[in-house]
Amino acid sequence: MKPIWARIKRDHQRAGRFGYRLFAFATWIPVVSMFNHYVGELAWISGPSMYPFLNAEKDQTTRNDVVIKYKFNAPYGLRRGMIVTFWCAIDDLVSRWQVLRPHSADSGSRNPYDPEVEAVKRIVGLEGDIIRTRSPYPSPTVRVPMGHVWVEGDGGKRLSRDSNDYGPISTNLITGKVTHIVWPLHRFGRVQWWDYAGNIRN
Amino acid sequence: MSSLLGHPFRVLIYTTKALALGHLLVTYGYSTGYGWGPSMLPTFLTMNEWFVTDRSHRRGRRICVGDCVVYGIPVAPGEEGVKRVLGLPGDYVLLNSPGVGSDTMIQVPKGHCYIVGDNLPWSRDSRDFGPLPMALIKGKVVAKVVVNGWWPFNWFTRVESGLHPVSDSPIKT
């Protein structure tokens, strides 16, 4: 009788210790979530829209680049040339997603998950700038309205769908700035976005 | 006391964890906020009212026409407002206020919605800045809070969708 009771007690203690460890681990989940929400997060880049800069080996490998996006005060302190991530209302990713789930394509107008995709592009114009647009845009020049930015991909018209397709975006949509490339390792390091300020045509 | 201060950073760590848990509830559960201004008059008063926001409707999830939403104002970085959803993607909406002489209708583009205040002449909304990207919706207003009396359950008033079935029309036939 006694050994059985001792075994039950021991098992109970062990389970209790395991349960406590599990609980102690779980209490850290909100901390990690808060860090990812306010400070920074890893992001996997998919698609060729930033081609010469991100996903540069797109024709050799299916592996995606990994970057760090810095999320603290994301909609503020924006400069021309910065690479930002934002919730896209209409993007190539969205349409591709709808192709993958064809039942949602016909009811696409009612699909609530359209705005759930983040895009990564380079800021070309800040509010008040006059932009020389590319072909899908209806007018040859446009002034970026208050509280908006003009974003374009490095990939150009063929590889990128950007503000030339859907117009300037609100800075409130911006979720983070891409500050570092993590993977692949030979391009590891800080994103020198200020070097690109000279390449911007406007 | 010695057990509480056993680890030099224990109190700090516990505080951080509690804050983070609170942040999680406020970001993905329910949050409250103060709103002021005449744009949603008769539904919401000009001031002295708080809102309870259901954040599970963030980025326009399961939003219907007639819901009151909290949204980030697209032309003012960091500012938020409360308006009512008039049209969802694909709907045809009146571009301007009724009765101003222009009857232009537009179709709300994919991933956007059209929002207006209940107090049309005193509201800045989609009639000024155009269709609102769904991703700017922070949540749906489910209740308003006015502190009157001591019984907390009397403070809350449920906010209903403004779209009623025809059978519920207040006009008696």
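- The name given to chain B in an unreviewed UniProt entry is Peptidase S26 domain-containing protein, with Daldinia eschscholtzii as the source organism.
- Taken from UniProt, the Subcellular location (unreviewed entry) comment for chain B reads in full: "Mitochondrion inner membrane".

- By the naming in an unreviewed UniProt entry, chain A goes by Mitochondrial inner membrane protease subunit 2 and is assigned to Daldinia eschscholtzii.

1. Quick word on helix α2 (residues 29–38) of chain A
1) Next: Those residues of α2 of chain A that fall on the buried side of the exposure criterion are Pro30, Val31 and Ser33 of chain A. Along α2 of chain A, the residues classed as buried sweep out an arc of 165° about the axis, all on the same side.
2) Next: Against the buried residues of α2 of chain A lie α1 (2–26) of chain A together with α1 (10–28) of chain B.

2. Topic: α1 of chain B
1) Next: The terminal C-alpha atoms of α1 of chain B, which comprises 19 residues, lie 27 Å apart, in line with the 27 Å expected from a rise of 1.5 Å per residue.
2) Next: Every buried residue belonging to α1 of chain B is among Lys17, Ala20, His23 and Thr27 of chain B, and all of these are buried. Along the axis of α1 of chain B, the buried residues cluster in a sector spanning 125°; they form a single face. More than 90 degrees from the buried face of α1 of chain B, the exposed residues found are Ala18, Leu19 and Leu25 of chain B.
3) Next: The secondary structure elements touched by the buried residues of α1 of chain B are α1 and α2 of chain A.

3. Considering the pairing of strand β2 (residues 66–70) of chain A
Residue and element names in this part refer to chain A.
1) Next: With five bridges connecting them, strand β1 (residues 40–44) and β2 associate as antiparallel partners. When the bridges of β2 are listed, Leu42 appears paired with Ile68.
2) Next: In terms of strand pairing, β2 meets strand β9 (residues 174–183) through five bridges, oriented antiparallel. In the strand pairing of β9, Lys69 is matched with Val178.

4. Structural notes on the UniProt feature "domain: Peptidase S26" (unreviewed entry) in chain B
1) Next: Here, UniProt's "domain: Peptidase S26" (unreviewed entry) annotation points to residues 18–95 and 107–144 of chain B.
2) Next: Across residues 107–144 of chain B one finds 11% helix and 42% strand; the C-alpha atoms that close the span lie 32 Å apart.

5. Concerning the pattern of salt bridges
Residue and element names in this part refer to chain A.
1) Next: Applying the stated criterion across every chain, the model contains 14 salt bridges over all chains.
2) Next: Among the salt bridges present, the one from Glu41 reaches Lys71, with a minimum N-O distance of 3.0 Å. Residue Glu41 is found in strand β1, and its partner Lys71 is found in the loop between β2 and β3 (83–87); the two are separated by 30 residues along the sequence.
3) Next: Salt bridges sharing common partners tie together Glu41, Lys69, Lys71 and Glu118.

6. A word on the UniProt feature "active site" (unreviewed entry) in chain A
All names here are of chain A.
1) Next: In the numbering adopted here, UniProt assigns the feature "active site" (unreviewed entry) to Ser49 and Lys121. What stands out for the annotated residues spanning 73 residues is how close their C-alpha atoms remain, the widest pair being 7.7 Å apart.
2) Next: Looking at the secondary structure, you find Ser49 in the loop between β1 and β2.
3) Next: Ignoring any residue separated from it by four or fewer positions in sequence, one finds Ser49 in contact with Val120, Lys121, Gly153, Asp154, Gly155, Leu159 and Ser160.
4) Next: Lys121 sits in the buried class, given a relative accessible area of 2%.

Reading the values: the criteria
- Residues numbered from 1 in each chain as written.
- Chains lettered and ligands numbered in written order.
- Predicted model: local features only at pLDDT ≥ 70, side-chain atom pairs only at ≥ 80, totals over all residues.
- Heavy atoms only, no water.
- UniProt positions renumbered as here; feature names shortened; annotations may be inferred.
- Buried < 20%, exposed > 50% of the residue type's maximum accessible area, 1.4 Å probe, protein only.
- Helix = DSSP H or I, 4+ residues; strand = E, 2+ residues; numbered from the N terminus.
- Arc of directions from axis to C-beta.
- Contact = heavy atoms within 4.5 Å.
- Expected span 1.5 Å × (residues − 1).
- Pairing = 2+ DSSP bridges.
- Salt bridge = Lys/Arg side-chain N within 4 Å of Asp/Glu carboxyl O.

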